[in-house]
Amino acid sequence: MTRHWRAALALGLMMVGAEAQAQRAPRLSPMAQAVVEERAKILEEAQASGDWYAAELACRELVDRSAAWCSNRDIDALREAERGRRLFRLARLAGEDQDKAFVAAMVNDPGLSAHFLFAWSEQEDDEEWAVRRLLELIEKYAADVGRLPALAAATALVHDRPDRITKRMNENSVTGPDPLELFAFLARNERRLSTPPARQPVEALAFVVDATESIEEMEWALDRYQGQPRIGSRFFEISYDTEHFARGAPKKLTESGEYSLRAILQHGGVCVDQAYFASNVGKALGVPTVTVSARGADVGHCWVGFVEGRGRRVAWNMESGRYDAYEQVEGAVWVPHRDEMRPDSEVALLAGFLSEPDEDRWDAVAAASAVRLWTVSPIEGELEALGKGRPMRRTARTRSSEDRLELLELGLRGCPTYVDGWLLLADLAGTGELDAAQTRAWANSLERLCGDDYPAFAVGVLTNMIVVRPDAAERQRLWDWAYSKFDERKDVAARIRLEQAQDAEEQGDKAKAWSLRTEVVDRYANDTPVVISAFMAMERSLRAEGKVGELPGLYERAWARMTRPSQMGGAFRTGSNWYRVGAMYLAVLTEAGDTRARDVRRRLSAG
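As the structure is a computational prediction, the values presented were derived from the model and not from experiment. All residue numbers here refer to positions counted from 1 along the written sequence of the relevant chain. Whole-chain, interface and lining totals are the exception, using all residues; otherwise, since this is a predicted model, local features are given only for residues with pLDDT of at least 70 and side-chain atom pairs are given and counted only at 80 or more. With hydrogens and water excluded, all non-hydrogen atoms of the structure serve as input to the side-chain values.

Caption draft 1: Structural detail: the overall build of the protein chain. Every helix listed is a DSSP run of H or I at least four residues long, and every strand listed is a run of E at least two residues long, numbered separately from the N terminus. A count of helices and strands for the protein chain gives 30 helices and seven strands. Per-residue accessibility, obtained with a 1.4 Å probe over protein chains only, is compared with the maximum for each type, and a residue is labelled buried under 20%, exposed over 50%, and partly exposed between these values. Expressed as a percentage of its 607 residues, the buried residues of the protein chain come to 56%. Partitioning the contacts of the protein chain with sequence separation of at least 6, the portion at a separation of at least 24 is 70%. Throughout, a contact is declared for two residues whenever any of their heavy atoms are within 4.5 Å.

Caption draft 2: Examining the pattern of salt bridges more closely. We count a salt bridge whenever a side-chain nitrogen from Lys or Arg sits within 4 Å of a carboxyl oxygen from Asp or Glu. Under the criterion given, the structure shown has 47 salt bridges. Across the pair Asp223 and Arg192 runs a salt bridge, and its minimum N-O distance is 2.8 Å. With Asp223 in helix H11 (residues 215-225) and Arg192 in the loop between helix H9 (179-188) and helix H10 (202-205), the pair connects residues that are 31 residues apart, well separated along the chain. Assessed through its relative accessible area of 25%, Arg192 is described here as partly exposed. Sharing partners across several salt bridges, the network here consists of Glu56, Glu82, Arg85, Arg86, Arg89, Arg92 and Glu122.

Caption draft 3: Representation of the packing of helix H26 (residues 531-544) against helix H29 (residues 577-592) in the model. Between H26 and H29, the shortest axis-to-axis distance is 10 Å and the interhelical angle comes to 15°. The angle between the axes of H26 and H29 places the two elements in the roughly parallel class. For H26 against H29, the interelement crossing comes out right-handed. Residues Val531, Ile532, Phe535, Met536, Glu539 and Arg543 of H26 form the contact with H29, whose own contacting residues are Asn577, Arg580, Val581, Met584, Val588 and Glu591. All amino acids are sorted into three groups, where Ala, Val, Leu, Ile, Met, Phe, Trp, Tyr, Cys and Pro are nonpolar, Asp, Glu, Lys and Arg are charged, and the leftover types, Gly among them, are polar. Counted by class, the contact of H26 with H29 contains seven nonpolar, one polar and four charged residues. Here an angle of 0 to 180 degrees is reported between the N-to-C directions of two axes, which are lines fitted to C-alpha atoms, with helices fitted over the stretch in contact. Under this scheme an angle from 65 to 115 degrees is roughly perpendicular, one under 35 degrees roughly parallel, and one over 145 degrees roughly antiparallel; angles in between are oblique. By convention, the crossing between two helices is left-handed when the near helix turns anticlockwise from the far helix through less than a right angle, and right-handed when the turn is clockwise.

Caption draft 4: Seen up close, the environment of Ser605. In this structure, Ser605 sits in helix H30 (residues 596-606). The exposure class assigned to Ser605 is exposed, which follows from its relative accessible area of 57%. Sequence spacing of Ser605 and Tyr579 is 26 residues, and the spatial spacing of their C-alpha atoms is 9.6 Å.

Caption draft 5: Up close: empty space enclosed by the protein. Using protein atoms alone on a 1 Å grid, points that fit a 1.4 Å probe yet trap it form a cavity, whereas open point sets bounded by protein on both sides within 12 Å along at least five of seven lines form a pocket; residues with an atom within 4 Å of a point count as lining. Grid points are joined across faces, edges and corners, and a volume is the space filled by probe spheres set on the points. The final tally for this structure, using the stated rule, is one cavity of 30 Å³ or more. In this structure, the largest cavity encloses a volume near 30 Å³. Lining the largest cavity, in full, are Ala114, His115, Phe118, Ala119, Pro201, Val202, Glu203, Arg361 and Trp362. Those elements giving two or more residues to the lining of the largest cavity turn out to be helix H6 (110-119), H10 and helix H18 (358-376). No other element matches the four residues that H6 contributes to the lining of the largest cavity.

Caption draft 6: Quick look at H29. Take the number of residues in a helix, subtract one, and multiply by 1.5 Å to get its expected span. For H29, which comprises 16 residues, the first-to-last C-alpha distance of 23 Å matches the rise-based estimate of 22 Å (1.5 Å per residue) to within 8%. What H29 keeps buried is the set Asn577, Trp578, Val581, Gly582, Met584, Tyr585, Leu586, Val588 and Leu589. Elements that come into contact with the buried residues of H29 comprise H26, helix H27 (551-561) and H30. Of the residues trailing H29, Gly593 is marked for its positive phi of about 70°.

Caption draft 7: Expanded view of the nonpolar core. Within the largest apolar cluster, 191 residues are counted, with the highest numbers of intra-cluster contacts made by Leu78, Phe102, Phe116 and Trp316. Those residues in contact with Phe102 that lie beyond four places of it in its chain are Leu87, Leu90, Ala91, Phe116, Leu117, Val131, Leu134 and Leu135. By nonpolar core is meant a set of buried Ala, Val, Leu, Ile, Met, Phe, Trp, Tyr and Cys residues that side-chain atoms within 4.5 Å join together.

Caption draft 8: How the structure looks around the environment of Val468. Positionally, Val468 belongs in the loop between helix H22 (455-467) and helix H23 (472-486). According to the relative accessible area criterion, Val468 is partly exposed, its value standing at 28%. For the pair Val468 and Glu433, spaced 35 residues apart in the sequence, the C-alpha separation amounts to 9.6 Å. Sequence-distant contacts of Val468, defined by excluding residues within four places in its chain, comprise Ala429 and Gly430.

Caption draft 9: Representation of the packing of aromatic side chains. Two rings from Phe, Tyr or Trp (for Trp, the six-membered ring) form a pair when their centres are within 6.5 Å of each other. A pair whose planes differ by under 30 degrees is stacked, one over 60 is edge-to-face, and the rest are tilted. For the coordinates displayed, the defined rule picks out 13 aromatic pairs. Ring centres of Phe102 and Phe116 lie 5.9 Å apart, and the angle between their planes is 65°; this geometry places the pair in the edge-to-face category. Of this pair, Phe102 sits in helix H5 (residues 99-108) while Phe116 sits in helix H6, placing them 14 residues apart in sequence. Across this residue pair, the class does not change: Phe102 and Phe116 are buried. In textbook terms, an aromatic cluster arises when at least three aromatic residues are bridged by ring pairs, as seen for Trp220, Tyr225 and Phe277. Cation over ring: Arg497 sits above Tyr483, and NZ or CZ is 3.7 Å from the ring centre. As a reminder, the over-ring test applies to NZ of lysine and CZ of arginine, requiring each to be within 6 Å of the ring centre and within 35 degrees of the ring normal.

Below, the structure written as structure tokens:
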């Protein structure tokens, strides 16, 4: 780090600190104040010695002690202890050329510290590059970072890599702008944006700063669509390339040689291009957006999702471009700050998380992190209370399964839509931490919270809770209970039945497994692509039992009831359930030398 760079950064830190002092700090409980005082002593020693690892271990003990003694009235003590642990861990991992500057930035601006540290993921984020990006932002745009700490944190965490974000839209690739320039664009246009960054947490802004259009294109989009927050309308503004869809002709957009917002508006495209256009226009307006992809019974499809206000609530609108055939199909979304595809149900659940006060979200993060630490590497010995910060609890928690679940619930109670908290519960269930009573209690809580609005997410967590129960009869009862709760959501209901069938087969009940898979085929063949898994399992069973001769009849009966898709290009047609099951039918007919193969082949070729 050069002398000039250090001087500029020092000035930046002073400006950020001044902005932070103007913000009102929340009042802390006595126990939290005691944590802050101990954390300050740890910081002083670490700054003198440069031993961030020792500081991390000391704060780790603070986390354990806070987790043992905090109640719902002083959970802020756990939050402040976890903030220190994350700070010192990042300082250790960031490298010697960045550690002191990073710690100074966090100390000078408590708001930036909380936004950055509690959104950072120890499992997914690259610490060195995330810290580097944050320090670059402070050096160049200190005043804006002080004013918009969540936006700065989101930019640093999403762009925790040396190269720029690249996405692929079928045959076209797009690469995003320089992250510092993107931050500057959003900061200088703050008053023009439909959803100002100052009103959004890091977890929402992550879906803004993952834009992959040039700053010039984003300026164009902002000029054209300023004051028009209905992002769903942008999806339908793009003319559909029906020649490509119906006949497989080359896309006009691809033939133009340019893939940008203005090119898409000029030449049109298919659903992925419509969703990309709407999504990136939304990002230019400061609106969190996603492109959702899914495969239905007929064909793959993309649509747009975006955050919107609904009265006093904030919610994801995942309906624009989501045609009727995909209402019951789970989609997939790229989550930028985790750099992976996740079910759209998890992103939808995030809407509630976005509506929660900052402190409640951070408390939930801290509680889940403490439970995870206890599970992975517990510290032996009695955990003393924190000095003069007299705790509200009369007795300390232990590291028993019951106490860990109670601590996790304490965090989720304040922020019940914290996705990672529920996923941690699923992990604990997967290791056998929950007994039968706990499984039923948490399953009921999950169904009440997520069952109506987020059924696919709820079933994903429930599945992990059910499969580890040791009693086979109890598992079957839980599968039936889950199915009864979600039978109106076709894709979810089919998934439950297939999980139940697999469970029954593994227990040697082949008759029940066959019956359940038959139910899936009979009820959902025209609704969800998961039925292909049912057919594959049924074919496997027949072959294993030496009943290959029954395969043609299985496929003939099912295919006759399936809806043939309307005329469409070959690439789309071959992805449909009708075509895929027909191809499986053709394969077994050909294997058997059955003359019906000629007719099936003709029908598949004709589309």
